[in-house]
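Chain by chain, the residues:
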Amino acid sequence: MKIVYMGTPSFAVKPLEAMHEAGYDIELVVAKADRPKDRGKKMQSCEVKCCAERLGIPVETPEKIKGNEEFIQKIRDINPDLIVVAAYGKILPLDILEIPRLGCVNIHGSLLPKYRGAAPIQRAVINGEKETGVTLMYMGEGMDTGDMIAKAKTEVGEKTADELFVELCEIGSKLLLEYLPMIENGTAPREKQDDSQATLAPMVFKEDIDWTKSAHEIACLIRGTECRTLYKGEVMKVHFAKEGSGSGTAGTVISVTKKDVEVACGEGSLFLKNVQLPGKKAMDIDAFLLGNKIEVGTVLG
RNA sequence: CGCGGGGUGGAGCAGCUGGUAGCUUACCGGGCUCAUAACCCGGACGUCGUAGGUCCGAAUCCUACCCCCGCAA
């Protein structure tokens, strides 16, 4: 079975490695084009491209796919039996989807039909979902609307989106390997999505903490995406916080011990657990307190 | 050459207008206490990122390099 794999970020590395390790014939890897990234504005390859090069698999990084006849023809020439996609980051036109005889399957980081779109994992955390998971699915024309093959769940608990990313791509890889044989011989399940239950998971961005929101809401937001607030005129990132039941003026530090800083929210309070100042590394609050005096009454935001 | 912050005992910081290093915490020992994450006394732990240079003498000044991080993309 000839496979073409399409993916870009770290989430898509594991499945590629897993298939390669399992001995599948991956003819080509398609990843997003190199971009100048981070400080120094140097061109950097995405994780999947690096991985493919490491594994000795040819890589294509087309800027555009839609209307890119040269690229589409290249895929046709390879004549793959299956295309596997994981967080590729670009919409695949019908021209591509119709090429492989076994179709295109996608690994999506949510329990479809919930959280279709770009940031399913983060959105699930931000919305305070109790559980989330991975869905293996056939790709259709719409965004994450295709027929589902299988799902795997996991508890969200107090996990951050980052932690969930690691866990879910692990789960996704296993799910893929488990169903690949069935996909190959055409016996894989095929369940339609209930569109009436569908929700969207748009991209997430850095957020400034709004302390007037409830502690729970803020805690979920912090676990789901990069959050920051203003501390003594500096941008402080809050990487993790636990909910408390204190009260006071929203955004005000209401108690400080050697290992805790409690901030009042619109409803309830939050214990800052891991923070980061510009130029510094992220550190647990007790370490932070060793060299930084935070006083009760300090206002954040 | 995108902008900027930083590398000092295990951890977080100070010192940086030059004279071999300080604070908080952790750690070890002892004391107080019914007890303690509280308090008191004592102790160990540092080639101050690396390599050169200036100087009588550098963590502190100069040069190059390595590493970490924030912004912006």
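Residues take numbers from 1 onward in each chain, read along the sequence in its written order. Chain A is the first chain written and ligand 1 is the first ligand written, with later ones labelled in order. This being a predicted model, a pLDDT of at least 70 is required before a residue's local features are given, and a value of 80 or more before pairs of side-chain atoms are given or counted; all residues contribute to the totals for chains, interfaces and linings. Side-chain descriptors were evaluated using all non-hydrogen atoms of the structure, hydrogens and water having been removed beforehand.

J.: Explain the overall build of chain A residue by residue, including any values.
T.: Broken down by element type, chain A carries eight helices and 16 strands. Counting only C-alpha atoms, chain A reaches 65 × 45 × 35 Å along its principal axes. Taken over 301 residues, chain A has a buried fraction of 48%. Contact between two residues is taken to exist if any of their heavy atoms lie within 4.5 Å; hydrogens are not considered. Expressed as a percentage of contacts within chain A between residues at least 6 apart in sequence, the contacts between residues at least 24 apart total 63%. Computed with the Shrake-Rupley method and a 1.4 Å probe, the accessible areas treat only the protein chains shown as cover for residues. Summing over all exposed atoms, chain A offers an accessible surface of approximately 14,900 Å²; the carbon and sulfur share of this is 49%. Numbering goes from the N terminus for both helices and strands, where a helix is a DSSP run of H or I of at least four residues and a strand is a run of E of at least two. Accessible area is worked out with a 1.4 Å probe on protein chains only. A residue is then buried under 20% of its type maximum, exposed over 50%, and partly exposed in between.

J.: So what's going on with the protein's contact with RNA strand B? Which residues, and what values?
T.: What surrounds RNA strand B is a group of 21 residues, the closest being R39, K41, K280, K281 and L290. One of the side-chain N or O atoms of K206 is found 3.1 Å from a phosphate oxygen in RNA strand B. Elements with a minimum of two residues in the surface near RNA strand B: β3 (35–37) and α8 (285–291). Top contributing element to the surface near RNA strand B by residue count: α8, with four residues. We call a residue near a molecule or strand whenever a single non-hydrogen atom of that residue lies within 4 Å of it. Pairing of N or O atoms within 3.5 Å defines a polar contact, subject to two protein rules: one partner must be a possible hydrogen donor and the other a possible acceptor, and residues neighboring in sequence count only if both atoms are side-chain atoms.

J.: How would you summarise the pairing of strand β13 (residues 253–256) if you had to cite specific residues and measurements?
T.: Strands are treated as partners if at least two bridges between them are detected by DSSP. In the sheet, β13 pairs with strand β14 (residues 261–264) via three bridges, with the strands oriented antiparallel. The residue of β14 that forms the bridge with V256 is V261. In textbook terms, the turn of a hairpin is the stretch between consecutive antiparallel strands, and for β13 and β14 this stretch comprises four residues.

J.: Go over the sheet that holds strand β6 (residues 82–86), please, and point to the residues and values.
T.: The strand order across the open sheet built from seven strands is β5-β2-β1-β6-β7-β8-β9, with neighbouring strands paired in mixed fashion. The strands lining the two open edges of the sheet, one partner per strand, are β5 (59–60) and β9 (148–155). Where strand β2 (residues 25–30) lies against β5, two bridges are found, and the strand directions are parallel. Paired with V29 across the bridge in β5 is V59.

J.: Report on the nonpolar core, specifying residues and quantitative values.
T.: One recurring pattern in soluble globular proteins: nonpolar side chains tend to sit buried together. Side-chain atoms within 4.5 Å are what join buried Ala, Val, Leu, Ile, Met, Phe, Trp, Tyr and Cys residues into a set we call a nonpolar core. If you look at the biggest cluster of nonpolar residues, it comprises 42 residues, and the most contacted ones within it are Y5, L16, M19, I149 and I183. Take this core: its biggest share by element is 10 residues, from helix α6 (residues 161–185). When sequence neighbours within four positions are dropped, the list of residues in contact with I183 reads L82, L102, V105, L136, Y138, I149 and A188. With 28 residues, the next largest nonpolar core counts I222, V261, L272 and V275 among its residues.

J.: Got a sec to walk through the confidence of the model for chain A? Specific residues and values, please.
T.: Residue-level confidence of the predictor is summarised by pLDDT, bounded by 0 at the bottom and 100 at the top. Mean pLDDT for chain A: 95, with 100% of residues reaching 70 or above. Taken over the whole predicted complex, pTM reads 0.91, whereas the ipTM for its chain interfaces reads 0.89.

J.: Quick one: what's the story with the pattern of salt bridges, residue by residue and with numbers?
T.: One side chain can pair with another of opposite charge once the charged atoms of both are near each other. Any carboxyl oxygen of Asp or Glu that lies within 4 Å of a side-chain nitrogen of Lys or Arg is treated as forming a salt bridge with it. By the definition in use, this model includes 18 salt bridges. Between R228 and D208 there is a salt bridge, and its shortest N-O distance comes to 3.4 Å. Of the two residues, R228 is situated in strand β11 (residues 227–231) and D208 in strand β10 (residues 207–208); the sequence distance between them amounts to 20 residues. Judged by its relative accessible area of 28%, R228 falls in the partly exposed class. Here the salt bridges share partners, and the residues they tie into one network are D147, R190 and K192.

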